[in-house]
Amino acid sequence: MEIVIVDDRASVHRLAADMVAEQLESKPASVLGLATGSTMEGLYAELLTRALDFSAVTTFNLDEYLGLEAAHPCSYHSYMHTHLFNHAEFGCIHLLDGATQEPRDHCLQYEADIARAGGIDLQLLGIGVDGHIAFNEPGSSLASRTRVKTLTPLTRQTNARHFPAEEAVPMHVLTMGIGTIMEARHCLLLALGKRKAQAVRDFVEGAVSARCPASILQMHPRCTVVVDNEAASKLELAPYYRFVWANRPQ
Ligand code: F6R
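How each quantity is defined
- Residues numbered from 1 in each chain as written.
- Predicted model: local features only at pLDDT ≥ 70, side-chain atom pairs only at ≥ 80, totals over all residues.
- Heavy atoms only, no water.
- Pairing = 2+ DSSP bridges.
- Helix = DSSP H or I, 4+ residues; strand = E, 2+ residues; numbered from the N terminus.
- Axes fitted to C-alpha atoms, helices over the stretch in contact; angles between N-to-C directions.
- Buried < 20%, exposed > 50% of the residue type's maximum accessible area, 1.4 Å probe, protein only.
- Contact = heavy atoms within 4.5 Å.
- Right-handed = clockwise from strand over helix to strand, strands pointing away.
- Patch = residues over 30% accessible without salt bridge, like charges linked within 9 Å, V, L, I, M, F, W, Y side chains within 5 Å.
- Areas by Shrake-Rupley, 256 points an atom, 1.4 Å probe, with all protein chains shown as cover.
- Salt bridge = Lys/Arg side-chain N within 4 Å of Asp/Glu carboxyl O.
- Expected span 1.5 Å × (residues − 1).
- Near = heavy atom within 4 Å.
- Polar contact = N/O pair within 3.5 Å; in protein donor to acceptor, adjacent residues only side chain to side chain.
- Nonpolar A, V, L, I, M, F, W, Y, C, P; charged D, E, K, R; others polar.

> Would you mind showing me how to read the sheet that holds strand β10 (residues 223–228) here?
Sheet strands line up and pair through hydrogen bonds in the backbone, either parallel or antiparallel. With respect to topology, 7 strands assemble into an open sheet ordered β1-β10-β9-β6-β2-β3-β5, the strand pairing being parallel. Of all the strands in the sheet, just β1 (2–6) and β5 (92–94) have a single pairing partner and so form its edges. Ignoring which end each strand starts from, the neighbouring axes of this sheet average 15° apart. The pairing of strand β9 (residues 186–191) with β10 spans 5 bridges and is classified as parallel. When the bridges of β10 are listed, Leu190 appears paired with Val226.

Structure (structure tokens):
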């Protein structure tokens, strides 16, 4: 893994936007895997300030709340339109349908659609305080595919800030699997703030284990992790990661 530690949130978003821009420059018809959540808001805002051409880009979002209609204000469908899709022209967007009556078939179809698109070139990821990526909570199979998952009480509590009340946060979600994410050609994980410091320490320097689902990224051939100083504050090897980045080959 390449660990990049920068000073603040804005620098994380700028650097991540540079990486997305480089991806689109080298392949205008890229397939992007997209994430939601607070961490991504600044990245999408930064991308929209740049004159990027998304018209040939195909996207696949990581996850969605099961039981929420697309138009629900707390759905990830609404989030993506508010923060990105309403403001730029995209080639083809794919979102999991929280209102599906056939979740199993829907998830299989989503996997087939990713394969048909040629796989994901660049997968954006955030991380939960419990180490989840997408909605693959601790204990998820490290080889899992897109499917229904049950959120932990901690994740429902953490995400309650986006809902009228904690009880309104759906218990079940549709999420790309860890095996699905691991097939992306490049994973780019962002983490911000002290709240994420332990999860960052666990997944970067801890054991590879389903206890911390993001730790599987240690096995990914190309994973870039961009964090601010606060999120990096528990990394034992932080001085070395800074040294490596400062002396990276051209
Ligand atoms: C959402 C997703 C989640 C979030 C994670 C962090 O699509 O994939 O794994 O990235 O829960 O959320 P924030 O950024 O709100 O802290």
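On we go from here.
> Would you explain the environment of Arg195 in this entry?
As for its position among the elements, Arg195 is in the loop between β9 and α7 (197–205). Here Arg195 falls in the exposed class, since its relative accessible area comes to 51%. Sequence separation between Arg195 and Ala231 is 36 residues; the distance between their C-alpha atoms is 7.2 Å. Leaving out residues up to four positions away in the same chain, Arg195 has contacts with Val129, Thr158 and Arg161.

> Explanation requested: the pairing of β10 in the structure shown.
Consecutive side chains of a regular strand alternate in pointing toward one face of the sheet and then the other. Counting buried residues along β10, 6 of its 6 residues qualify, which places the element largely inside the surrounding structure. Taking every second residue as pointing to the same face, both faces of β10 are buried, with Cys223, Val225 and Val227 on one and Thr224, Val226 and Asp228 on the other. Both β1 and β10 contribute to a ladder of 5 bridges, which runs parallel. Its bridge partner being in β10, Ile3 is matched across the sheet by Val225. Read as a crossover between parallel neighbours, the route from β9 over α7 to β10 is right-handed.

> Whenever I open this one, a nonpolar patch on the surface confuses me. Can you help?
A cluster of nonpolar residues, Leu237, Tyr240, Phe243 and Val244, forms a patch on the protein surface that exposes about 410 Å² of accessible area. Within the secondary structure layout, Val244 lies in helix α8 (residues 238–246).

> Could you clarify how one ought to interpret the sheet that holds strand β8 (residues 172–175) in this entry?
Across the sheet, 3 strands lie side by side as β4-β8-β7; this open sheet has antiparallel pairing. Where the open sheet ends on each side, the last strands, each with one partner, are β4 (63–65) and β7 (147–150). The mean angle between the axes of side-by-side strands here comes to 30°, regardless of whether they run parallel or antiparallel. Relative to β8, β4 runs antiparallel, the two being bridged by 3 bridges. Looking at β8, one finds that Asp63 is bridged to Thr175.

> Help me out: how do you make sense of helix α1 (residues 9–26) in this one?
Given 3.6 residues per helical turn, the α-helix brings residues three or four places apart onto the same face. Compared with the 26 Å implied by 1.5 Å per residue over 18 residues, the 26 Å span of α1 between its first and last C-alpha is a close match. When we look at burial in α1, the residues that qualify are Ser11, Val12, His13, Leu15, Ala16, Ala17, Met19, Val20, Ala21, Gln23 and Leu24.

> What's the story with the site of the ligand in this structure? I'm lost.
The local shell around the ligand holds 15 residues, among which Thr39, Asp63, His132, Ala134 and Lys196 are the closest. A distance of 2.7 Å is found between an oxygen atom of the ligand and a backbone nitrogen or oxygen belonging to Ala134. When the free accessible area of the ligand is taken as 410 Å², the share hidden by the protein chains comes to 96%. Each residue belonging to the shell around the ligand can be placed in one class, and the counts come to 4 nonpolar, 7 polar and 4 charged.

On their own, these measurements won't tell you what the molecule is for.
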